[in-house]
Amino acid sequence: MNIHSLELEQFRNYEHERFVLDPSVNLICGENGQGKTNLLEAAAACSTMRLFRTAQKKEGLKFGADHARIRADFAAQGRDFTLELRLSRLKAMEIYRNGVRQKRQADVQGLLKTVLFCPEDLMLVRQGAGARRRFLDTALCQLRPNYARYLDEYNRLHDHKTRILRDSEEKPSLLSMWDDFSLRMAHIGAQIIRYRAYYCKKLLAHAAAVYADIAPHETLSGVYQTVSSVTDPFADAKQIEKELVDHVYRHKTAEIAARSCLSGPHKDDLTLLLDGRSAASFGSQGQVRTCTLSLKLAERELFFSEDGEYPVLLLDDVLSELDRRRQDFVLNRISAGQVMITCCEDGISEKLRAGAVFQIKNGKII
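Residues numbered from 1 in each chain as written. Predicted model: local features only at pLDDT ≥ 70, side-chain atom pairs only at ≥ 80, totals over all residues. Heavy atoms only, no water.

Undergrad: Honestly, the overall build of the chain in this entry has me stumped. Any pointers?
TA: When you go through the chain residue by residue, the secondary structure sums to 10 helices and 15 strands. Relative to a compact globule of 366 residues, whose C-alpha radius of gyration would be 21 Å, the chain shows 22 Å and is just as compact. C-alpha atoms of the chain, sized along the principal axes, occupy 60 × 55 × 35 Å. Taken across its 366 residues, the chain has 52% of its residues classed as buried. In the chain, the share of contacts with a sequence separation of at least 24, taken over all contacts with a separation of at least 6, comes to 72%. Looking at the chain, you have 53 positive and 49 negative side-chain charges, and the mean spots of the two groups are 3 Å apart. (Helix = DSSP H or I, 4+ residues; strand = E, 2+ residues; numbered from the N terminus. Rg over C-alpha atoms; globule rule 2.2 N^0.38 Å. Buried < 20%, exposed > 50% of the residue type's maximum accessible area, 1.4 Å probe, protein only. Contact = heavy atoms within 4.5 Å. Lys, Arg positive; Asp, Glu negative; His and termini not counted. Charge placed at Lys NZ, Arg CZ, Asp CG, Glu CD.)

See the structure below:
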């Protein structure tokens, strides 16, 4: 799997540029603020259908522009594809696959697979549970199109139920819909929990192996944490659904009092352990970074084991945040597959043996 070319028009600080990429390592050089991360954000958007630095796609528009376009020509599973994202200030993003407009994002999400690693991710272990859920969801939405549909529906139900609870003090009649939304969330939530449980099991096995390569005297493990009433997240969906329903009804009074959804997979977490102890609470900075490295590289390996080809790896200036030993470890792990790396330091660029080098200044190739 690799991107042949990436074309940006009125996106971020790019007026119109086209990048012809090498199937191996592509180095994007330039000073801070020149548009290096914008290029990686465009590549990731063609995979996840969202911008990783903002929830508002219109914020990807170049200042003063009303429309923007991202076009990727790429190969996946032995076939060539064209994917075009059209962003607008006034309407929802439009998606075209091989020139044909798509009705739903989930229909193309993960057609191009990417793994993004940026400096903020190095603290993934110590961030809130929401960051780790996004980490899991981003991968699962690419691997399992049905999961993306379940997640979209669950989020829609969650938002609606939250509004019902929030407004119920002024309009008590809204609570008549509480049962319906709770039951529907339990039905969809059971599917989400099963997907996450199976993915976490595979991810943690890969991550433990990666961690052992860099720190052989320590053991990385983890626990997928979901609703406390779920006795077995690998159980049949109907069994999980029943346990979710029981849990939410036991907390109905508390939900109404708190005016928020207290029960469901929207509160899931992935706890990382080093030698059986919480990595977030007891791990050193170096150990925490190694945990995240292991998770990201494991995600890449898991994609390969599923599809037989590596996803495009996007490294956003992350190597400069690592010591030399961890830099070398990452570089030794990315010899196969396409890689896009942003970099400011000459010392790192000499190690990469890049197939293509792009020098960026003010959103232009120089």
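Undergrad: Honestly, helix α8 (residues 285–307) in this entry has me stumped. Any pointers?
TA: One turn of the α-helix equals 3.6 residues, which is why residues spaced by three or four share an orientation. The end-to-end C-alpha distance of α8 is 33 Å, a good match for the 33 Å that 23 residues give at a rise of 1.5 Å each. Downstream of α8 by one or two residues, G308 has phi in the positive range, about 80 degrees. (Expected span 1.5 Å × (residues − 1).)

Undergrad: Would you mind going over the environment of A209 with me for this structure?
TA: Examined against the element boundaries, A209 turns out to sit in helix α4 (residues 178–214). Each C-alpha atom, one on A209 and one on A298, is 8.4 Å from the other, the two residues being 89 residues apart in sequence.

Undergrad: In this structure, what is going on with empty space enclosed by the protein? I would like to understand it.
TA: Summary: where empty space remains is shown by rolling a probe the size of a single water molecule over the atoms. Inspection of the entire model under this criterion finds one cavity of 30 Å³ or more. Within this model, the largest cavity holds a volume of roughly 90 Å³. As for the largest cavity, its lining consists of Y154, K161, S182, M185, A186, L244, V248, S263, G264 and P265. Broken down by secondary-structure element, the contributors of at least two residues to the lining of the largest cavity are α3 (145–167), α4 and α5 (237–250). Top contributing element to the lining of the largest cavity by residue count: α4, with three residues. (1 Å grid on protein atoms, 1.4 Å probe; cavity = no way out; pocket = protein on both sides within 12 Å on 5 of 7 lines; lining within 4 Å. Points joined across faces, edges and corners; volume = space filled by probe spheres on them.)

Undergrad: Explain helix α2 (residues 129–143) to me, please; I cannot follow it from the model alone.
TA: With 15 residues, α2 should cover 21 Å at 1.5 Å per step; its first-to-last C-alpha distance of 21 Å lies within 8% of that length. The buried fraction of α2 amounts to 11 of the 15 residues, a majority that puts the element mostly inside the structure. Within α2, the full set of buried residues consists of A131, R132, R133, F135, L136, D137, A139, L140, C141, Q142 and L143. Taken together, the buried residues of α2 touch α1 (36–48), β8 (114–117), α3, α4, β10 (269–274) and α8.

Undergrad: Hey, could you run me through the nonpolar core in this one?
TA: Here is a general trend for soluble globular proteins: nonpolar side chains tend to be buried in one another's company. With 73 residues, the main nonpolar core has Y199, L203, L315 and I341 as its most contacted residues. Among the elements that take part in this core, α4 stands out by supplying 16 residues, more than any other. Contacts of Y199, omitting those with residues within four sequence positions, involve L136, A139, L140, L143, E299, L302 and F303. Core analysis: the second largest hydrophobic core is formed by 39 residues, I70, A76, V108 and V312 among them. (Core = buried A, V, L, I, M, F, W, Y, C linked by side-chain atoms within 4.5 Å.)

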